[in-house]
Amino acid sequence: MRIKEFINKEVLDGNVKIIGRVHEIIFDEDSFEITDIVIKKTGFSEQIRDSENVIPVEMVKTIGDKVLLKGEEDI
């Protein structure tokens, strides 16, 4: 998957609820591996306050049409 295909994918939490979209990807400068993804929250109430969260890539369970984060049972 190319990085540009990853940007703007919907992100779902462990309960399969939409929490936002991939806004940015953070890389390790030495290994060029993805370390974190920045999620921009969706919804009107989130637009009037800080609406980004940095999620470690270890919390990602699956990447397909959407990004699914690990739930409590996966940790």
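The structure we're discussing is the one just above.
In this report, we go over the structure that sits alongside the text.

What counts as what
- Per chain, residue numbering runs from 1 following the sequence as it is written.
- Given that the model is predicted, a residue must reach a pLDDT of at least 70 before its local features are reported, and side-chain atom pairs must reach 80 or more before they are shown or counted; all residues, however, enter totals for whole chains, interfaces and linings.
- As a convention, hydrogens and water are excluded, and side-chain values are obtained from all of the structure's heavy atoms.
- Within this scheme, the nonpolar core is defined by two criteria: the residues are buried Ala, Val, Leu, Ile, Met, Phe, Trp, Tyr or Cys, and they are joined through side-chain atoms within 4.5 Å.
- In this scheme, a residue with accessible area under 20% of its type's maximum is buried, one over 50% is exposed, and one in between is partly exposed, where area comes from a 1.4 Å probe on protein chains only.
- Secondary structure elements are defined from DSSP: runs of H or I of at least 4 residues count as helices, runs of E of at least 2 residues count as strands, and each element is numbered from the N terminus.
- Contacts were defined at the residue level, with two residues in contact if any of their heavy atoms lie within 4.5 Å.
- The patches reported here contain residues having more than 30% relative accessible area and no salt bridge. Joining distances are 9 Å for like charges and 5 Å for nonpolar side chains (Val, Leu, Ile, Met, Phe, Trp, Tyr).
- Accessible surface area values rest on a Shrake-Rupley calculation with a 1.4 Å probe, where residue burial reflects the displayed protein chains alone.
- The term salt bridge refers to a side-chain nitrogen of Lys or Arg lying within 4 Å of a carboxyl oxygen of Asp or Glu.
- Positive: Lys, Arg. Negative: Asp, Glu. His and the chain ends are not part of the count.
- The location of each charge is read from NZ of Lys, CZ of Arg, CG of Asp or CD of Glu.

### Re the nonpolar core
Point 1. Formed by Phe6, Val11, Val22, Ile25, Ile37, Ile39, Ile55, Val60, Val67 and Leu69, the largest nonpolar core amounts to 10 residues.
Point 2. Looking at this core, the elements with two or more residues in it are β2 (18-27), β3 (34-40) and β6 (67-69).
Point 3. Every residue in contact with Ile25, bar those within four places of it in the chain, is listed here: Ile3, Phe6, Ile7, Ile34 and Asp36.

### Concerning the environment of Thr42
Point 1. By secondary structure assignment, the location of Thr42 is in the loop between β3 and α2 (44-47).
Point 2. For the pair Thr42 and Ile19, spaced 23 residues apart in sequence, the C-alpha to C-alpha distance is 6.7 Å.
Point 3. Those residues in contact with Thr42 that lie beyond four places of it in its chain are Ile18, Ile19, Gly20 and Arg21.

### Some words on a negative patch on the surface
Point 1. Where like charges cluster on the molecular surface, the negative patch consists of Asp28, Glu29, Asp30 and Glu33.
Point 2. Along the chain, the position of Glu33 falls in the loop between β2 and β3.

### Overview of unusual backbone geometry
Point 1. Of note in the backbone geometry, Asn8 takes a positive phi value of approximately 75 degrees without being a glycine.
Point 2. Among the structural elements, Asn8 can be located in the loop between α1 (3-6) and β1 (10-12).
Point 3. Despite not being glycine, Val16 shows a phi value in the positive range, around 60 degrees.
Point 4. In this structure, Val16 sits in the loop between β1 and β2.
Point 5. Looking at Val16, the relative accessible area reads 55%, which means it is exposed.

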